Amino acid sequence: MDLSGNRTRPPNLWSRIVAALRSWFDKYFAPRQTQVRRKPRIRSVPSASDGQVIAEARARRNLAQPAKPQLIEEPGVAGPAPWDNGGVAPSIDPDEVRPHLMEALFEMQEQCETDAGKAFFTRLLRLLGTDQLDLPPFPDVAWQLDSLLRLGDPPLVRVVKLVRREAALVRRVWTQACSAFYARPPNSLDHAVARIGFDALWRIGMSACLYSEVFRVRGFQEAADGVRRHGIIAADVAAWLSGKKLGAAYLAGLLHNVGKLMIYRAASTARPVGLPDAQLVEDVATKLYPSIGVLVAHAWKLGPEVAAGIGFHHDPTQAPPQYQEVAMQVQVSNIATYTAEFSRHGQDCGGLLTLLAVEGLQFDVARTIGKAHEIMDGMEQLPDAANQPVLDVVEKP
C-alpha cells in the first residue's frame with residue numbers, strides 16, 4: 001500500500017527481468033565513475049644545520065667512508081656552469097682584438113685599488129702590447145713533425161731522427177710508451193715511436209707548446225697545470241669529434257684555454273709580496289682569456305680556423321660561418337671534459353643535459369663523455385717520467 005492508501009501490485013516476472021538486465025548493463029557497459037583522489041602532501045625535509053653537516057663528516061671519517069658527494073647544480077640553485085665562465089673574442093683579426101683588450105685592461109686597472117693588482121695589469125698590458133706576446137716560437141720540431149707526418153707514411157728512421165733533436169719530446173714519447181697498457185718498456189727510441197704510432201707522436205709534438213718554460217708560473221702553478229691537463233683531454237675529444245686525428249680541431253681544443261696561461265704568467269712574480277689577489281686574477285682570466293687566446297694563435301701562426309675555435313668556443317654561432325663547426329667541436333669537447341672531471345669527484349655539473357640540448361652538431365652524447373673518461377684513464381696510466389730510464393736517445397754520428 002502506498003502513501004495514498006492504494007494497494008501496490010507486486011512486480012511481475014517481466015519487470016524483474018528488465019531490472020536485472022539494466023543492472024547487468026550498468027555494471028559492465030555503463031561509463032565508470034572516476035573517483036578523484038587528493039594527492040597526499042609531501043612534507044619537505046628541512047636542510048641540515050651546520051652542526052649536523054660537521055657531525056656527519058666526522059662520522060664518515062671515523063668509518064673510513066668517502067666524503068658525501070655534492071651536486072654542483074641542483075634544481076633551484078643558481079650559479080653558472082664551469083663552461084659558462086667566459087665570453088667570446090670580438091674577432092679573429094688581431095688588429096681588432098688587441099685594442100679591445102687594451103681598453104678593457106685599462107678600465108680594470110683604474111678600478112684596481114691595490115699596488116700588487118696595478119702592477120699585475122701593467123705587466124699584462126706590456127705583455128699583450130707586442131705582436132709576439134714575448135712568447136718563444138712554436139716548437140720547430142713540432143712543425144717539422146707536422147710536415148713529415150702529413151706525407152702519408154714517412155720512414156720511421158727519419159721520424160726518430162727528428163724526435164731525437166728535442167730532449168723534452170724524447171722524454172714524453174718514452175713516458176707514453178711505458179704506460180701500463182704495455183707489458184714491458186720499449187728497448188729503444190725506435191721501438192717507443194713505433195709503439196705509440198705516428199698520430200700519437202704528432203699530438204705529443206703539438207702539445208709541447210704548453211710545456212714551455214714561460215708557463216712555469218710561481219704562485220699559480222696548480223691552476224696552470226689544471227689548464228694544461230684540461231686542454232690535452234679536450235684536444236683529443238675534439239679530434240675524435242672531427243674524425244681527423246691531425247688538424248685544427250685538436251690544436252683549437254688544446255689551446256682553447258691558453259689565454260689563462262698568459263694571464264697567470266703576468267700575475268707571477270719572484271717576490272711573494274708582489275702576487276696579486278688570486279680572485280682578481282681569476283676574474284680577469286674568465287673575462288678575457290678567449291681574446292688573449294686568439295692573439296696567441298696568431299703569434300704562433302696557427303691559422304684562422306684554430307683562432308676561431310679558441311675565440312668562439314663559448315658561442316660558436318658568433319664565429320665566421322666557415323669556422324663554426326670547429327668552434328662547436330671545441331665547445332662540446334670542453335663541456336664533455338668538465339663533465340668527466342667533475343664526475344671523478346662524485347659531482348654533477350649538468351654537462352649531460354647541456355650536451356643533449358646542443359644543436360648544429362651531430363654526435364653521441366654518452367660516447368663523447370665516455371671518450372673523455374677514456375682519455376683521462378689513459379693519462380692516469382702513464383708512469384712518472386722522472387722514474388723511467390730513457391735508452392738510445394743520443395744522436396749517433
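Residues numbered from 1 in each chain as written. Predicted model: local features only at pLDDT ≥ 70, side-chain atom pairs only at ≥ 80, totals over all residues. Heavy atoms only, no water.

Student: Is there a simple way to explain the nonpolar core in this structure?
Tutor: What tends to happen in soluble globular proteins is that the nonpolar side chains get buried as a cluster. If you look at the biggest cluster of nonpolar residues, it comprises 89 residues, and the most contacted ones within it are Phe120, Val173, Leu254, Leu255, Val284 and Trp300. When neighbours within four sequence positions are excluded, Phe120 is seen to be in contact with Ile263, Ala266, Ala267, Pro276, Leu280, Val281 and Val284. Residues Val332, Cys349, Phe363 and Ile375 belong to the second largest nonpolar core, which totals 21 residues. (Core = buried A, V, L, I, M, F, W, Y, C linked by side-chain atoms within 4.5 Å. Buried < 20%, exposed > 50% of the residue type's maximum accessible area, 1.4 Å probe, protein only. Contact = heavy atoms within 4.5 Å.)

Student: Would you explain helix 17 (residues 365-380) in this entry?
Tutor: In an α-helix, one full turn covers 3.6 residues, which means residues spaced three or four apart are oriented alike. With 16 residues, helix 17 ought to run about 22 Å at 1.5 Å a step, and its terminal C-alpha atoms sit 23 Å apart, in line with that. Within the sequence span of helix 17, burial applies to Val365, Thr368, Ile369, Lys371, Ala372, Ile375, Met376 and Gly378. A side-chain oxygen of the first residue of helix 17 lies 3.1 Å from the backbone nitrogen of Ala366; this N-cap is Asp364. (Helix = DSSP H or I, 4+ residues; strand = E, 2+ residues; numbered from the N terminus. Expected span 1.5 Å × (residues − 1). Polar contact = N/O pair within 3.5 Å; in protein donor to acceptor, adjacent residues only side chain to side chain.)

Student: I keep staring at the pattern of salt bridges and nothing clicks. Help me out?
Tutor: Two side chains that carry opposite charge are able to pair once their charged atoms sit near each other. Using the criterion set out here, one finds three salt bridges in the structure. With a shortest N-O distance of 2.7 Å, Asp225 and Arg228 are connected by a salt bridge. You can see Asp225 and its partner Arg228 sitting in helix 10 (residues 221-242), three residues apart, about one turn around the helix. Using a relative accessible area of 35% as the deciding quantity, one classes Asp225 as partly exposed. Across the pair Asp377 and Arg344 runs a salt bridge whose closest N-O atoms are separated by 2.7 Å. A residue pair is termed long-range when its members are at least 10 positions apart, and Asp377 in helix 17 and Arg344 in the loop between helix 15 (324-343) and helix 16 (351-356) qualify at 33 residues. The exposure class assigned to Asp377 is partly exposed, which follows from its relative accessible area of 35%. (Salt bridge = Lys/Arg side-chain N within 4 Å of Asp/Glu carboxyl O.)

Worth remembering: the numbers are spatial, not functional.
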